[in-house]
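# Observations on chain architecture
The residues making up each chain are set out below.
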Amino acid sequence: MAGMKGKQTVWDMVRSLAVIGVVVAGIYLFVPHDDKADPTRTVDYRVETITARRAAPYPVAAPVGLPEQWRATSVTYERKNADAWHLGFLDPQQQYAAVEQSTDTSVKYLERVTQKATASGQTQQVGDTAWERWDGEKYDALVRREQGYVTVVTGTASFEQLGALAAALEFKQGR
């Protein structure tokens, strides 16, 4: 009699798991899901830009008139981290491009935000300004050094796209 009780318990557990499996399969089949949907989350960076422009000791760069195919994916301003401003995008070719600014103008900072890119000795004209070109295995970058701060446009995007982002930048201070 004791052996029979153990078999019933195992059999009940197997039946319960089968019922749960059928319910889960039904939910999966009937709940709509789009396998082709883009999982990239876009962000609105307007409020953070205004806040950073009020707080930063330098003119904060944010794009104006960038085509809507450019999607903002991340934004931060860290006052305690050398007034670091970050604004990340996906360009129309789904490549990453970011604007990085900081009062930390050291080579160590530049290597960090450019994923260890190095100065190529070349420049790229963007509007009236010559930006330094930095080449890297992972990221390329355009670097603009100013008195007391640095602006970097970096990412996996081509130099052409990095230049387009740099050309759209408006430098403003909210003080």
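Structural notes, computed from the coordinates. Quick caveat: nothing in here was measured; it's all calculated off a predicted structure. (Residues numbered from 1 in each chain as written. Predicted model: local features only at pLDDT ≥ 70, side-chain atom pairs only at ≥ 80, totals over all residues. Heavy atoms only, no water.)

## Topic: the sheet that holds strand E4 (residues 96-102)
- Pairing in this open sheet of seven strands is antiparallel, and the strands run E2-E3-E4-E8-E7-E6-E5 from one edge to the other. Strands with a single pairing partner mark the edges of an open sheet, and in this sheet they are strand E2 (71-78) and strand E5 (118-126). This sheet shows a mean twist of 20 degrees between the axes of neighbouring strands, independent of strand direction.
- Note: strand E7 (residues 140-146) against strand E8 (residues 149-155), seven bridges, orientation antiparallel. By the bridge assignment, Asp140 is partnered in E8 with Gly155.
- Helix H4 (residues 159-168) contacts strand E3 (84-90), E4, E5, strand E6 (129-135), E7 and E8 of the sheet and is inclined by roughly 35 degrees relative to E7. (Pairing = 2+ DSSP bridges. Helix = DSSP H or I, 4+ residues; strand = E, 2+ residues; numbered from the N terminus. Axes fitted to C-alpha atoms, helices over the stretch in contact; angles between N-to-C directions. Contact = heavy atoms within 4.5 Å.)

## Some details on the packing of aromatic side chains
- One pass over the structure, following the stated rule, counts four aromatic pairs.
- A centroid spacing of 5.8 Å and a plane angle of 80 degrees characterise the contact between Tyr45 and Phe89, whose relative ring orientation is edge-to-face. Of the two residues, Tyr45 sits in the loop between helix H1 (2-30) and helix H2 (46-55) while Phe89 sits in strand E3, which places them 44 residues apart along the sequence. Taken individually, Tyr45 and Phe89 each receive the classification buried, so the pair is uniform in this respect.
- An angle of 15 degrees between the planes, with centres 5.1 Å apart, marks the rings of Tyr58 and Tyr149 as stacked. With a gap of 91 residues between them, Tyr58 in the loop between H2 and strand E1 (60-63) and Tyr149 in strand E8 connect regions that are remote in the sequence. Residue Tyr58 shares its accessibility class with Tyr149, and that shared class is buried.
- A network of ring pairs unites the aromatic residues Tyr45, Trp70 and Phe89 as a single cluster.
- The ring of Phe159 carries the charged tip of Arg133 above its face, separated from the ring centre by 3.7 Å.
- Cation over ring: Arg144 sits above Phe171, and NZ or CZ is 4.2 Å from the ring centre. (Phe/Tyr/Trp six-rings, centres within 6.5 Å; stacked < 30°, edge-to-face > 60°. Buried < 20%, exposed > 50% of the residue type's maximum accessible area, 1.4 Å probe, protein only. Lys NZ or Arg CZ within 6 Å of the ring centre and 35° of its normal.)

## Digging into the side chain of Arg53
- Along the chain, Arg53 turns up in helix H2.
- One buried charge, Arg53, has no salt-bridge partner; the nearest side chain with opposite charge is Glu170, at 4.2 Å.
- Within the structure, Arg53 has its side chain in polar contact with the backbone oxygen of Val60 (distance 3.2 Å). (Lys, Arg positive; Asp, Glu negative; His and termini not counted. Salt bridge = Lys/Arg side-chain N within 4 Å of Asp/Glu carboxyl O. Polar contact = N/O pair within 3.5 Å; in protein donor to acceptor, adjacent residues only side chain to side chain.)

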